[in-house]
Amino acid sequence: QIMLLNIMIQLKEKLGQERAFGVKAIENRQFSTDDFRFFNELIAQQKLFITNYKQLATLQQNEIIQNFVKTKINKRLKKVETQFITAVESNKLSQLNSQQWFDITTANIEQLKIITDQLALNIQNQARLAADKIIIQFVMIFSLLILTLLLSVFLSWLLTRSILLPVHQITEAMVSLTQGNKGIRFTQNFGHDELGEMVNAYEKTRRALLCFDVASA
């Protein structure tokens, strides 16, 4: 897209130079050999730009330039170009109308400007779509990070609730038991894992101490 836009801009500039050279030659009624050679180079460069455009463009983009080439305005330009070259070669520039030359070349430049503006708009739209895609990807990645963080917080809370908190409660109960407090009981079922074994050991010790107290009384 950018290469096509650059080609169309250069094509428009070369046509602008052709317009200026033509107007100057017609109004001065003369055209030097160097100017005439440069003029022909301008026309050849424009044809080369159109060829390069067709090679790089998609089918839809090629249709745009084909429609331009087939327009009456462009056909009139080719006709006056031929008349201009013939007039230069036969030294009859005085028979040409500079205003007509200016109007026809300007009309073609305006058509090229429309195509150039459309290509620029397409590039902007593509850039906007690419930016939107990047934003969507960023939002998805950010959402995934947030979800991962929330999951980590949940797992941390679950770990604290299911392991760390019971261990802390059992530890406090055992410390309290060593200080003579035998009233702490665990009604929660800790299963048959290490926590369950710690609770069973605590309960056995607590009951043994209670039995000892009863026996001593």
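Each remark here, short or long, concerns the structure printed above.
Residues numbered from 1 in each chain as written. Predicted model: local features only at pLDDT ≥ 70, side-chain atom pairs only at ≥ 80, totals over all residues. Heavy atoms only, no water.

(A) A look at the overall build of the chain. Along the backbone of the chain there are six helices and zero strands. For the chain, the N- to C-terminal ordering of α and β elements is α-α-α-α-α-α. When the 217 residues of the chain are sorted by exposure, 28% land in the buried category. A fraction of 75% describes how many contacts in the chain between residues 6 or more apart in sequence connect residues 24 or more apart. Accessible area of the chain: about 14900 Å², with a carbon and sulfur share of 60%. Computed over 24 positive and 19 negative side-chain charges, the inter-centroid distance for the chain is 7 Å. (Helix = DSSP H or I, 4+ residues; strand = E, 2+ residues; numbered from the N terminus. Buried < 20%, exposed > 50% of the residue type's maximum accessible area, 1.4 Å probe, protein only. Contact = heavy atoms within 4.5 Å. Areas by Shrake-Rupley, 256 points an atom, 1.4 Å probe, with all protein chains shown as cover. Lys, Arg positive; Asp, Glu negative; His and termini not counted. Charge placed at Lys NZ, Arg CZ, Asp CG, Glu CD.)

(B) Representation of the packing of helix H2 (residues 33–56) against helix H3 (residues 59–70). One can describe the packing of H2 onto H3 by two numbers: an axis separation of 8 Å at closest approach and a directional angle of 155°. In terms of orientation, H2 lies roughly antiparallel with respect to H3. On H3, the residues touching Ile50, Tyr53 and Lys54 of H2 are Gln61, Asn62, Ile65 and Gln66. A class-by-class count of the residues in the contact of H2 with H3 yields three nonpolar, three polar and one charged. (Axes fitted to C-alpha atoms, helices over the stretch in contact; angles between N-to-C directions. Parallel < 35°, antiparallel > 145°, perpendicular 65-115°, else oblique. Nonpolar A, V, L, I, M, F, W, Y, C, P; charged D, E, K, R; others polar.)

(C) Just empty space enclosed by the protein, in detail. Taken as a whole and assessed by the stated rule, the structure comprises one cavity of 30 Å³ or more. In this structure, the largest cavity spans a volume of roughly 80 Å³. Forming the boundary of the largest cavity are Leu11, Leu15, Ile43, Gln46, Lys47, Ile50, Phe68, Asn74, Leu77, Lys78 and Leu112. Looking at the lining of the largest cavity residue by residue, the classes come out as seven nonpolar, two polar and two charged. (1 Å grid on protein atoms, 1.4 Å probe; cavity = no way out; pocket = protein on both sides within 12 Å on 5 of 7 lines; lining within 4 Å. Points joined across faces, edges and corners; volume = space filled by probe spheres on them.)

(D) Region of the structure containing the pattern of salt bridges. Enumeration according to the criterion identifies five salt bridges in this entry. With a closest N to O distance of 2.7 Å, Arg37 and Asp34 form a salt bridge. Taken together, the residues span about one helical turn, with Arg37 and Asp34 both in helix H2 at a distance of three residues. Judged by its relative accessible area of 48%, Asp34 is partly exposed. Residues Lys113 and Asp117 are paired through a salt bridge, measuring 2.9 Å at the closest nitrogen-oxygen approach. (Salt bridge = Lys/Arg side-chain N within 4 Å of Asp/Glu carboxyl O.)

(E) Spotlight on the nonpolar core. Judged by nonpolar contacts, the single largest core of 32 residues is most densely connected at Met8, Phe31, Tyr53, Phe84, Leu93, Trp101 and Leu119. Secondary structure elements with two or more residues in this core: helix H1 (2–28), H2, H3, helix H4 (72–89) and helix H5 (98–178). Broken down by element, the residue count for this core peaks at nine residues, all from H1. Apart from the residues lying within four places of it in its own chain, the contact partners of Phe31 are Phe21, Ala25, Phe36, Phe39, Phe84, Val88 and Leu93. Residues Ile170, Ala173, Leu195 and Val199 belong to the second largest nonpolar core, which totals seven residues. (Core = buried A, V, L, I, M, F, W, Y, C linked by side-chain atoms within 4.5 Å.)

(F) Structural view of a nonpolar patch on the surface. Together, Ile135, Phe138, Val139, Phe142, Ile146, Leu149, Leu150 and Val153 give the surface a local cluster of nonpolar side chains, amounting to about 780 Å² of exposed area. Looking at where Ile146 falls in the secondary structure, it is placed in helix H5. Judged by its relative accessible area of 35%, Ile146 falls in the partly exposed class. (Patch = residues over 30% accessible without salt bridge, like charges linked within 9 Å, V, L, I, M, F, W, Y side chains within 5 Å.)

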